[in-house]
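Single-letter residue listing:
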Amino acid sequence: MGSSPRQPRHGDKLNSGFFEEFLERLLEDRDRSGLSEMIREIDALMITVEPGHARDYVAELSLMTPYHYLVTLESAQHHTHVLRIDLESPDILVREVRNPELRGVFRSLNEVYPIGSLKPNSRYMGEILRVTDLDAVVRSQQAREIRFFSPEQLASMELPTNLAVSKPSPYTHNIVCYWERPEQQLRIYQLGESRILADIQSGYEYAKEQQARLGIDRLILPIDHLATRVYSQNREVAILEYLSLSSYYYWGSFDIADQNSSTNVTKSLHCAQESRSPAKVFTAANHPYFVNHLLQLPSPTEQFVRNYGPRLHHFALAVRDGMTAGQANIDYVVRAIEHSGKDFLLDVVGSREEGLKQIFSSASEHSSLIIEYVQRFDGFEGFFTRDNVAELTEAAGADRELRALDTPRRG
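Cut-off values and rules
Residues numbered from 1 in each chain as written. Predicted model: local features only at pLDDT ≥ 70, side-chain atom pairs only at ≥ 80, totals over all residues. Heavy atoms only, no water. Helix = DSSP H or I, 4+ residues; strand = E, 2+ residues; numbered from the N terminus. Rg over C-alpha atoms; globule rule 2.2 N^0.38 Å. Contact = heavy atoms within 4.5 Å. Areas by Shrake-Rupley, 256 points an atom, 1.4 Å probe, with all protein chains shown as cover. Axes fitted to C-alpha atoms, helices over the stretch in contact; angles between N-to-C directions. Parallel < 35°, antiparallel > 145°, perpendicular 65-115°, else oblique. Left-handed = near helix turned anticlockwise from the far one by under 90°. Nonpolar A, V, L, I, M, F, W, Y, C, P; charged D, E, K, R; others polar. Core = buried A, V, L, I, M, F, W, Y, C linked by side-chain atoms within 4.5 Å. Buried < 20%, exposed > 50% of the residue type's maximum accessible area, 1.4 Å probe, protein only. Pairing = 2+ DSSP bridges. Salt bridge = Lys/Arg side-chain N within 4 Å of Asp/Glu carboxyl O. Expected span 1.5 Å × (residues − 1). Arc of directions from axis to C-beta.

Just checking my understanding: could you explain the overall build of the chain for this structure?
A count of helical and extended segments in the chain gives 13 helices and 19 strands. Over its C-alpha trace the chain gives a radius of gyration of 20 Å, about what one expects of a compact globule, namely 22 Å for 411 residues. Pairs at least 24 apart in sequence give 71% of the contacts found in the chain among residues at least 6 apart. Summed over its atoms, the accessible surface of the chain is roughly 17,200 Å², and 49% of this surface lies on carbon and sulfur atoms.

Now the structure itself:
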């Protein structure tokens, strides 16, 4: 393992003196305390959906990703559906509220935002990170003023009892969970009763049959990165906070001036392959919303955060490099999924000459999350090109829900 502050830097976005000073100090302190070594890869991602939406969302993910339905953890107020590829990639936990009247902290994070409030139970919750010594990690983080839910609070929220769960971030509204698991040990979530639900299983099986029939089952690879959108003023602190909570390092930032935003990447110190532990990307506007009328620049990122709240915007899946039926695999995958009824926000952008091609799906009606596909050609390293990310950002800003909300009303 290398020294956290000494990783290569990429990009052209200028950071403040505060960021550069505390980036080095925080990572040096993290290394010195042993946290960089004790905190390992992302073991699971947690998503919550509206009551009655889990079957369709599990089927949607089963078609559009390599994930398989494993089991449902049934508790008094929730169904938690466990999706898995294998132990070399993170699980996805799809948490379904059973009672639409149930209220709690995660719902409250949606309710103050105009579009977020329309689907109060639909959001990305956060990640579960594997650690080698849970007690030591929690004690060390508490000494750094990180706050955790108590065991009693976890029980009342019906989260797995073998987790330590941070309070939601004021910058991203996400949680970070830790659990102690030897690397070769199975992932076991201590929550409720384990069942295979017939409706979930049937939806999953149909989606996988469709995926195989379309010929895309061997082309879609595990999650490549997770992209969170935050307010402009919280860009630097959101990055520094996540580096303090994880063993990730700062890969770099790119300024996307014509979309008035920047894209900021962090990567796992322990896992060279993103399929093992996805990169964490933070996108923020370069300027707050209230100066837009002076600058006359687009502001799709700030617009998203003001309407949905700080949250995960999309997760990206890699597509196997190569050609199928005379076209790049990503083009083949997208056309196949379009024929199955799923929309995309734009055409595939990029080229072999540029090194990669990318595309955004429309947002899921079940989770509000977008899926991105990315194909890298000939070992291209990186997450985007400047032209690609500008087009993707612009397309996301043209989302029909955002446009509808901002249409002037008469009367």
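Help me out: how do you make sense of the packing of helix α3 (residues 54–64) against helix α7 (residues 198–214) in this one?
The relative placement of two packed helices comes down to the angle between their axes together with the axis-to-axis distance. As a packed pair, α3 and α7 sit with axes 8 Å apart at the nearest point and diverge in direction by 25°. Between α3 and α7, the angle falls in the class roughly parallel. Handedness of the crossing formed by α3 with α7: right-handed. For the pair formed by α3 and α7, the contact residues are A54, R55, V58, A59, S62, L63 and M64 on the first element and D199, I200, S202, G203, Y204, A207, K208, Q210, Q211 and L214 on the second. For the contact of α3 with α7, the per-class residue count stands at nine nonpolar, five polar and three charged.

Is there a simple way to explain the nonpolar core in this structure?
Where a protein is soluble and globular, its nonpolar side chains tend to be buried together. If you look at the biggest cluster of nonpolar residues, it comprises 77 residues, and the most contacted ones within it are Y178, F315 and Y373. Sorting elements by how many residues they give to this core places α3 first, with seven residues. If you look at the next biggest cluster of nonpolar residues, it comprises 21 residues, including F106, L154, L163 and Y189.

So what exactly am I meant to see when it comes to the sheet that holds strand β10 (residues 220–230) here?
Across a sheet, paired strands are connected by hydrogen bonds in the backbone, their directions being either parallel or antiparallel. Pairing is mixed in the open sheet, where nine strands are placed in the order β1-β11-β12-β13-β10-β14-β19-β18-β17. The two strands at the open ends of the sheet, each matched to only one other strand, are β1 (10–11) and β17 (349–351). Two strands pair when backbone bridges link them, and strand β11 (residues 248–256) and strand β12 (residues 261–268) are joined in this way by eight bridges, in the antiparallel orientation. In the strand pairing of β12, Y248 is matched with S268. Those strands touched by helix α11 (residues 329–339) are β10, β14 (311–319), β18 (356–360) and β19 (370–376), and its axis lies near 150° from that of β19.

What should I look at first to understand the packing of helix α1 (residues 17–33) against helix α8 (residues 235–245) in this one?
Packing of α1 against α8 leaves a shortest axis separation of 10 Å and a crossing angle of 5°. Taken together, the axes of α1 and α8 lie roughly parallel to each other. Together, F18, F19, F22, L23, L26, L27 and R30 of α1 and E236, V237, I239, L240, L243 and S244 of α8 make up the contact between the two elements. Of the residues assigned to the contact of α1 with α8, the class counts are 10 nonpolar, one polar and two charged.

What should I look at first to understand unusual backbone geometry in this one?
It is generally the case that most residues other than glycine have a negative phi and that most peptide bonds are trans. Phi angles above zero are rare outside glycine, and E145 is one such case at about 70°. When you line up the elements, E145 lands in the loop between α5 (134–143) and α6 (151–157). When its relative accessible area of 71% is taken as the criterion, E145 is described as exposed. Here N260, not a glycine, exhibits a phi torsion of approximately 55°, which is positive.

Help me out: how do you make sense of the side chain of R187 in this one?
Mapped onto the secondary structure, R187 falls in the loop between β8 (175–180) and β9 (193–195). Ignoring anything within four residues of it in the chain, the contact list for R187 reads D43, R84, D86, L87, S89, P90, D91, W179 and R181.

Any chance you could explain the pattern of salt bridges here in plain terms?
When the charged atoms of two side chains lie near each other, side chains of opposite charge can form a pair. Tallied over the full model, the rule gives 25 salt bridges. Close ionic contact of E236 with R235 constitutes a salt bridge, the shortest N to O distance being 3.2 Å. E236 sits in the buried class, given a relative accessible area of 14%. Taken together, the shared-partner salt bridges connect E41, D43, R84, E88, D91, R130, R181, E183, R187 and R276 into one network.

Can you walk me through the pairing of strand β2 (residues 39–49) in this structure?
Sheet faces and side chains relate simply in a regular strand, where the side chains alternate between the two faces. Within β2, 11 of the 11 residues are buried, which leaves the element mostly enclosed by the surrounding structure. Pairing analysis gives seven bridges linking β2 to strand β6 (residues 123–131), with the strands arranged antiparallel. Its bridge partner lying in β6, M46 is registered against G126. Direction of pairing for β2 relative to strand β5 (residues 91–97): parallel, over a ladder of six bridges. The residue of β5 that forms the bridge with V49 is E96.

When you look at α1 in this model, what are you seeing that I'm missing?
Residues spaced three or four apart along an α-helix point in a common direction, a consequence of the helix completing one turn every 3.6 residues. For α1, with 17 residues, the first-to-last C-alpha span of 24 Å sits near the 24 Å given by 1.5 Å per residue. F19, L23, L27 and R30 are the residues of α1 that are buried. Considered in projection along α1, the buried side chains sweep an arc of 60° and stay on one side of the axis. In α1, the exposed positions that point more than 90 degrees away from the buried face belong to G17 and R32. In this structure, the buried side of α1 is in contact with α2 (35–38), α8 and β11.

How should I be thinking about the sheet that holds β2 in this particular structure?
Strand order in the open sheet formed by eight strands is β7-β8-β6-β2-β5-β4-β3-β9, and the pairing between neighbours is mixed. In the strand order of this sheet, the two ends are held by β7 (164–165) and β9, each with one partner. Pairing of strand β4 (residues 78–84) with β5 involves six bridges; the strand directions are antiparallel. Bridge pairing links H78 to V97 in β5.

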